[in-house]
There are 2 protein chains.
Amino acid sequence: VNQPEPRALLLTLEYDGSAYVGWQLQKNGLSVQAVLEEAAFQVCGARLRVRAASRTDSGVHARGQVALLPWRGRLGPAQALAALNARLPEDVCVRAAAWAEPGFQPRRRAQGKLYRYLIHNAQVRPVLERRMVWHLRHPLDIEGMNRAAEVLVGQHDFSAFRAANCPARSPIRRLDRLEAGRDGERVWIVALGPSFLKQMVRNLVGCLAEVGRGRLTPPEVAVILAGRARTRAPRTAPAQGLCLERVFFEPEAYRRALHAAY
Amino acid sequence: VNQPEPRALLLTLEYDGSAYVGWQLQKNGLSVQAVLEEAAFQVCGARLRVRAASRTDSGVHARGQVALLPWRGRLGPAQALAALNARLPEDVCVRAAAWAEPGFQPRRRAQGKLYRYLIHNAQVRPVLERRMVWHLRHPLDIEGMNRAAEVLVGQHDFSAFRAANCPARSPIRRLDRLEAGRDGERVWIVALGPSFLKQMVRNLVGCLAEVGRGRLTPPEVAVILAGRARTRAPRTAPAQGLCLERVFFEPEAYRRALHAAY
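Residues numbered from 1 in each chain as written. Chains lettered and ligands numbered in written order. Predicted model: local features only at pLDDT ≥ 70, side-chain atom pairs only at ≥ 80, totals over all residues. Heavy atoms only, no water.

Take the overall build of chain A next. Tallying secondary structure elements over chain A gives seven helices and eleven strands in all. The C-alpha atoms of chain A give a radius of gyration of 19 Å, which matches the 18 Å a tight globule of 262 residues would have. Judged by the C-alpha coordinates and their principal axes, chain A covers about 70 × 40 × 35 Å. Each of the 262 residues in chain A was classed as buried or not, and the buried ones make up 54%. Counted over contacts in chain A with a minimum sequence separation of 6, partners at least 24 positions apart contribute 70%. For chain A, the accessible area works out to roughly 12400 Å², and carbon and sulfur atoms hold 48% of it. Charged side chains of chain A number 39 positive and 23 negative; the gap between the two group centres comes to 6 Å. (Helix = DSSP H or I, 4+ residues; strand = E, 2+ residues; numbered from the N terminus. Rg over C-alpha atoms; globule rule 2.2 N^0.38 Å. Buried < 20%, exposed > 50% of the residue type's maximum accessible area, 1.4 Å probe, protein only. Contact = heavy atoms within 4.5 Å. Areas by Shrake-Rupley, 256 points an atom, 1.4 Å probe, with all protein chains shown as cover. Lys, Arg positive; Asp, Glu negative; His and termini not counted. Charge placed at Lys NZ, Arg CZ, Asp CG, Glu CD.)

This is the structure we're talking about:
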């Protein structure tokens, strides 16, 4: 019997999360995982289980999600990419595909992840970018936000910034970079770390936004962090402003991202 | 009788043209003008006729359309802006409002208009920016496009680049700037001129794209221009990539735009 060796494709994915319940399969709605597995089924006739480096929440976007897809049939990476993209809906696409090393596990092998959050900081609501930003009218104090970010960077118990239903065993995480900047009406926040708790980035952003509006000081952020209680921290920033920009597998690339401009 | 003097608001508008038949009122669908006039009616109870500086086509976006709205009632510009935005759909907003000088006519007083066209120049289709770009897979030669653009800049009979149903009396227009540039997978084209014929920018872009793909040379573009026949020019670029960025009323601001970076 000429059984092919089991192989898997490593896919880089871009998606507009607006219409999805998030990355992961859910009973209550359509997930990005479901549409990718359906496209894979249409291409190779097998029900394949995809695993991603990050379980993005409902409404969160990705420009550089990475997923492992066990692969059957004859198509190589380039042909598989074209065939999958022809079957995926317009709000999801495969940007790159390559053979994965045997036994590769995206979540375990990830050196880190880069998230970017966008705020439309202007009196008038956004129109052309409305699906990608959080609208905050009050002028944000970027310097203050960066002073508060310094308090949060490092290894901490991030219990104050995790969702109530976060499944992670440990609330300890290392946050290697958290930085805000302004480009006209647009305020961006980048978060870089080996891994994040559930809704951690959006909770950090919600907190920095309160500092930016002058309703919270950096020392108060230190108290919230030390308090380790989600209920004392500011509200979660909405999902639509968040985008998983990149997953790093090479330590060198991750180290460069610590100092890159965004 | 205490009749207020007739006054008008000068509005700067942003809109996502995806869902509209264009700026102007049409019998076959919803126009941006119609939703703006409806919002004005809801705010001040009068049926008011809006006039814009540019009649953008179906599917074309704007970040800086300018429109004149005769105004009734007591609200000043800032209150009118807030009241209109509260009633406009999420894909249209008023970015700025000010009293217009008496007798101001947006189309006549415009010194010039700046349009920007975006091309997603990559093998894989766009996702997050899909409503704002034209997807072209073949790598575009920006240098060649700019050599062809030089042929088109200046005062010419642009009959080869006007829509068959263009209502303008004269096909003569002055094109002050036409320039292409690349930012990674994104190719942009800016067009600046006092006024444009119907679909002129999209026809210029369609032509430059053919040059970028190596299917047309700059001398051939000169022949097409001189031929003055739309039927011999390349196809029209799709509407979704086009955005009316700004309308200039001050000669100084217009002159600066001739050399500004985009």
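Anyway, onward from the coordinates.
Between the two copies, chain A and chain B, the superposition gives an RMSD of 0.0 Å; the rotation angle is 180 degrees and the shift along the axis is 0.0 Å. Classification of the inter-copy transformation places it as that of a two-fold axis. Every residue of chain A has its C-alpha some distance from the rotation axis, and the shortest such distance is that of A:Glu129, at 4.6 Å. Taken together, the interface assignments show that 100% of the residues at the interface of chain A recur at the interface of chain B, consistent with an identical surface on both copies. (Least-squares fit on C-alpha atoms with pLDDT ≥ 70 in both.)

Take the interface of chain A and chain B next. Taken residue by residue, the interface counts 27 residues in chain A and 27 residues in chain B. Surface buried jointly by chain A and chain B totals about 2100 Å² across both partners, of which 48% is contributed by carbon and sulfur atoms. Considering only the surface of chain A that becomes buried against chain B, A:Val124, A:Arg125 and A:Leu128 emerge as the three largest contributors, covering 32% of it. Our count for the chain A to chain B interface comes out at eight salt bridges. With a closest N to O distance of 3.0 Å, A:Arg95 and B:Glu185 form a salt bridge. At the boundary of chain A and chain B, one finds 18 residue pairs in polar contact (both at pLDDT 80 or more). Of all elements in the fold, only strand E1 (7–15), strand E3 (61–71), helix H2 (77–87) and strand E4 (92–99) of chain A reach the threshold of two or more residues within the side of chain A that touches chain B. Among the elements that make up the side of chain A that touches chain B, the one with the highest residue count is E4(A) (four residues). Among the residues making up the side of chain A that touches chain B, the classes are represented as 14 nonpolar, two polar and eleven charged. (Buried area = accessible area lost by both parts, 1.4 Å probe. Salt bridge = Lys/Arg side-chain N within 4 Å of Asp/Glu carboxyl O. Polar contact = N/O pair within 3.5 Å; in protein donor to acceptor, adjacent residues only side chain to side chain. Nonpolar A, V, L, I, M, F, W, Y, C, P; charged D, E, K, R; others polar.)

We now examine the pattern of salt bridges. Evaluated as defined, the whole model comprises 34 salt bridges over all chains. A:Arg202 serves as the salt-bridge partner of A:Asp57, at 3.1 Å between the closest nitrogen and oxygen. Taken together, the positions of A:Asp57 in the loop between strand E2 (51–52) and E3 and A:Arg202 in helix H5 (residues 200–212) put the pair 145 residues apart, joining distant regions of the chain. Looking at A:Asp57, the relative accessible area reads 15%, which means it is buried. Here A:Arg63 makes a salt bridge to B:Glu129, at a shortest N to O gap of 3.3 Å.

What follows covers the pairing of strand E11 (residues 242–248) of chain B. All names here are of chain B. Of all the seven residues making up E11, six are buried; the element is thus mostly covered by neighbouring parts of the structure. Sheet topology places strand E5 (residues 112–120) next to E11; six bridges connect them, and they run antiparallel. Paired with Leu-114 across the strands is Arg-246, a residue of E11. (Pairing = 2+ DSSP bridges.)

For the rest of this paragraph, the subject is helix H5 (residues 200–212) of chain B. Residues and elements named next belong to chain B. In a regular helix each residue adds 1.5 Å, so 13 residues correspond to 18 Å; H5 covers 18 Å between its end C-alpha atoms and thus fits that length. Counting buried residues in H5 gives 13 out of 13 residues, a clear majority hidden from the surface. Residue Gly-214 follows H5 closely and has a positive phi angle near 80 degrees. (Expected span 1.5 Å × (residues − 1).)

Although it is not a glycine, A:Arg228 adopts a positive phi angle of roughly 55 degrees. As for its position among the elements, A:Arg228 is in the loop between helix H6 (218–227) and strand E11 (242–248). In this structure, B:Gln199 takes a positive phi of about 60 degrees despite not being glycine. Within the fold, B:Gln199 resides in the loop between strand E10 (186–193) and H5.

Residue and element names in this part refer to chain B. Summed over the entire model, instances satisfying the criterion amount to twelve aromatic pairs over all chains. With a centroid separation of 6.2 Å and 85 degrees between ring planes, the pair formed by Tyr-117 and Trp-134 is classed as edge-to-face. Note that Tyr-117 is positioned in strand E5 and Trp-134 in strand E6 (residues 134–135), a separation of 17 residues in sequence. The exposure classification of Tyr-117 matches that of Trp-134, with both residues buried. Arg-47 extends its terminal NZ or CZ atom over the ring of Phe-41, reaching a point 3.6 Å from the ring centre. (Phe/Tyr/Trp six-rings, centres within 6.5 Å; stacked < 30°, edge-to-face > 60°. Lys NZ or Arg CZ within 6 Å of the ring centre and 35° of its normal.)

In this section: the side chain of A:Ser31. Residues and elements named next belong to chain A. Mapped onto the fold, Ser-31 is located in the loop between E1 and helix H1 (32–44). A polar atom in the side chain of Ser-31 sits 3.1 Å from the backbone nitrogen of Ala-34. If sequence neighbours within four positions are ignored, Ser-31 has contacts with Tyr-20, Val-21, Gly-22, Trp-23, Gln-24, Leu-25 and Gln-26.

Let us now look at the environment of A:Asn165. Among the secondary structure elements, A:Asn165 is positioned in the loop between strand E7 (154–157) and strand E8 (172–175). For the pair A:Asn165 and A:Lys198, spaced 33 residues apart in sequence, the C-alpha to C-alpha distance is 7.9 Å.

Buried within H2(A) are the following residues: A:Pro77, A:Ala80, A:Leu81, A:Ala83, A:Leu84 and A:Asn85. Among the structural elements, E1, H1, E3 and E4 of chain A are those in contact with the buried residues of H2(A).

All names here are of chain B. Of note, Gly-214 is situated in the loop between H5 and helix H6 (218–227). We classify Gly-214 as exposed; its relative accessible area is 62%. Separated by 74 residues in the primary sequence, Gly-214 and Leu-140 place their C-alpha atoms 8.0 Å from one another.

Glancing now at the packing of H1(A) against H2(A). All names here are of chain A. The geometry of H1 relative to H2 is characterised by a closest axis approach of 9 Å and an angle of 120 degrees between their N-to-C directions. For the element pair H1 and H2, the recorded crossing hand is right-handed. Residues Ala-39, Ala-40, Gln-42 and Val-43 of H1 form the contact with H2, whose participating residues are Ala-83, Leu-84 and Arg-87. Tallied by class, the residues present in the contact of H1 with H2 amount to five nonpolar, one polar and one charged. (Axes fitted to C-alpha atoms, helices over the stretch in contact; angles between N-to-C directions. Left-handed = near helix turned anticlockwise from the far one by under 90°.)

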